[in-house]
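# Breakdown of the fold
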Amino acid sequence: MSKIDGSLKVYAAVLRLYPREHQKRYGKQMLQTVEDMLDDAPSFIERTTVWTRIIIELPMSLYTEHMQAIGDKMHAPKNPQKVRNISALVLLVLSLATVVANRLLIIYQGPPFWGLPQPLMFIAVIVVPLVILGISIRSLRQLSPITLRRAWPFVVLACIAAAYFTVGALDYIRAWRHGLFPM
Amino acid sequence: MKRRMDLLPQVSFSILMALSLKPRHGYEIMQQIAEDSLGKVKVGPGALYTAIKQLSKDELIEEIDGDNDRRRYYRLTKKGWEQLNSELEYYENVVKISKHRTAYERFGWTGA
């Protein structure tokens, strides 16, 4: 089995993460496109560049497609704004959960509320919301200025979520400085 | 021609631009986008097919038979041409205005 065949098998497995409709409609074409990209990248460095590009855009692409699929299920196939508002709501709830968890952590003062060691808490409180926030900001940046003006509820919710995240992150730093995490 | 209110996202606009020369399949579109933008815009397969899906839904592009099931070609529809022309008209106008402004700021002259 050649290296390219192996890479394509990996990508074929990655394609399974997309919504079924998208897989069915564009899966084979996406696989062919990646095969073409790899064919055009003979050296190790070039192949690594191709894979880096694929990996970097993957979370955003999966997020967009799944949100779009949810939107389609809600009978809003031509209403991307609704999809964005839903994603903002998800973002808001996640950020809110982060703040609540942090508040409880501060209030209880004794052993941390979740009993999680610091690295796990760091991932839960800082990394995950930051990734979600990053994805949301990227989806905002993809909108044209005119569409952006129409999607004002999304912008408002994203701002609130960002504020909540900031409070959560500050709480985390305070808890960390007071040694509230088990090591 | 009356302008549509919404401007397309950059990837979608770049796809229309790439298809304005001839029908292309996915990888060819990616290559043309990179070439048109002097290598500044590089689209991955995920973003490309998300945009293609949206453009197909909006009937701005259509699929034509390719050499196999995995390599499908796309071309602009009449609506797609109209949209592309209207986008280009808009950007042309933006460039014209910004040139006037730059001239005014530098020399106090509008060029009018």
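Per chain, residues are indexed from 1 in the order of the written sequence. All chains are assigned letters beginning with A, and all ligands numbers beginning with 1, in the order in which they are written. Given that the model is predicted, a residue must reach a pLDDT of at least 70 before its local features are reported, and side-chain atom pairs must reach 80 or more before they are shown or counted; all residues, however, enter totals for whole chains, interfaces and linings. No hydrogens and no water enter the side-chain calculation; it runs on all heavy atoms of the structure.

### So, the overall build of chain B
Applied cut-off: A run of H or I in DSSP becomes a helix once it reaches four residues, and a run of E becomes a strand once it reaches two; helices and strands are each numbered from the N terminus. Working rule for contacts: check all heavy atoms of both residues, and any pair within 4.5 Å makes them a contact. Residue burial considers only the protein chains on display, and all accessible areas are found by Shrake-Rupley using a 1.4 Å probe.
Regarding its fold elements, chain B presents four helices and three strands. Counting helices and strands in the order they occur from the N terminus, chain B gives α-β-α-α-β-β-α. By sequence separation, contacts in chain B at least 24 residues apart represent 49% of the contacts at least 6 residues apart. For chain B, the computed accessible surface area is about 6,700 Å², with 53% contributed by carbon and sulfur atoms.

### Let's talk about the nonpolar core
Heads up, the condition is: The term nonpolar core refers to a set of buried residues drawn from Ala, Val, Leu, Ile, Met, Phe, Trp, Tyr and Cys, joined through side-chain atoms within 4.5 Å. Accessibility here uses a 1.4 Å probe with only protein chains present; expressed as a share of the type maximum, an area under 20% marks a residue as buried, one over 50% as exposed, and anything in between as partly exposed.
One finds A:Tyr11, B:Ile15, B:Ile29 and B:Ile52 to be the most contacted residues of the largest nonpolar core, which totals 39 residues. The set of elements that each furnish at least two residues to this core consists of α1 (3-15), α2 (20-39) and α3 (44-73) of chain A together with α1 (10-19), α2 (26-36), α3 (45-57) and β3 (71-76) of chain B. A per-element tally of this core places α2(A) first, with six residues.

### Points about empty space enclosed by the protein
Selection criterion: A cavity here means a set of points on a 1 Å grid, drawn over the protein atoms and nothing else, where a 1.4 Å probe fits but cannot get out; a pocket is an open set with protein on both sides within 12 Å along at least five of seven lines, and a residue lines either one if it has an atom within 4 Å of a point. Grid points are joined across faces, edges and corners, and a volume is the space filled by probe spheres set on the points. The residue classification treats Ala, Val, Leu, Ile, Met, Phe, Trp, Tyr, Cys and Pro as nonpolar and Asp, Glu, Lys and Arg as charged. All others, Gly included, are polar.
If you walk through the whole model with that rule in mind, you get one cavity of 30 Å³ or more. Empty space within the largest cavity amounts to approximately 40 Å³. As for the largest cavity, its lining consists of A:Gln29, A:Gln32, A:Thr33, A:Asp36, B:His25, B:Gly26, B:Tyr27, B:Tyr49, B:Arg70, B:Arg71 and B:Arg72. Looking at the lining of the largest cavity, the elements that each hand over two or more residues are α2 of chain A together with α2 and β3 of chain B. When residues in the lining of the largest cavity are grouped by element, the largest group, four residues, is from α2(A). By residue class, the composition of the lining of the largest cavity is two nonpolar, five polar and four charged.

### Considerations on the environment of B:Glu59
Residues and elements named next belong to chain B. Turning to its location among the elements, Glu-59 is positioned in the loop between α3 and β2 (61-68). As for Glu-59 and Lys-79, which are separated by 20 residues in sequence, their C-alpha atoms are 6.9 Å apart. Filtering out sequence-adjacent residues up to four positions away, Glu-59 remains in contact with Thr-77, Lys-79 and Gly-80.

### Re the side chain of B:Arg24
Residue and element names in this part refer to chain B. Applied cut-off: Positive residues here are Lys and Arg, negative ones are Asp and Glu, while His and the chain termini are left out of the count. Salt bridges are defined as contacts in which a side-chain nitrogen from Lys or Arg sits within 4 Å of a carboxyl oxygen from Asp or Glu. Any pair of N or O atoms that falls within 3.5 Å is considered a polar contact. Within protein, one atom must be able to donate a hydrogen and the other to accept it, and sequence-neighbouring residues count only if both atoms are side-chain atoms.
In this structure, Arg-24 sits in strand β1 (residues 24-25). Of the buried charged residues, Arg-24 lacks a salt bridge, with Glu-28 as the closest side chain of opposite charge at 4.8 Å. Only 2.8 Å separates the side chain of Arg-24 from the backbone oxygen of Ala-18, close enough to count as a polar contact. Among the polar contacts listed, one links the side chain of Arg-24 to the side chain of Gln-32, at a separation of 3.1 Å. For Arg-24, the residues in contact, after removing those within four places along its chain, are Ala-18, Leu-19, Ile-29, Gln-32, Arg-72, Tyr-73 and Tyr-74.

### Description of the confidence of the model for chain A
Heads up, the rule is: Confidence of the predictor at the level of single residues is captured by pLDDT, which takes values from 0 to 100.
Scored by pLDDT, chain A has a mean of 72; 50% of the residues are at 70 or more. Taken element by element, the predicted model of chain A shows its lowest mean pLDDT in helix α6 (residues 145-150) of chain A (58) and its highest in α2(A) (91).

### Topic: the pattern of salt bridges
Under the definition given, this model contains six salt bridges over all chains. We note a salt bridge from B:Arg71 to A:Asp36, for which the minimum N-O separation is 2.6 Å. Of this pair, B:Arg71 sits in strand β3 while A:Asp36 sits in helix α2, each in a different chain. Taken individually, B:Arg71 and A:Asp36 each receive the classification buried, so the pair is uniform in this respect. Of the charged contacts in the structure, one is a salt bridge between B:Glu82 and B:Lys78, with a shortest N-O distance of 3.3 Å. Linking B:Glu82 with B:Lys78, this pair stays in helix α4 (residues 78-107), spanning four residues, or about one helical turn. A cluster of three or more residues bridged by salt bridges with shared partners is formed by A:Arg25, B:Glu63 and B:Arg72.

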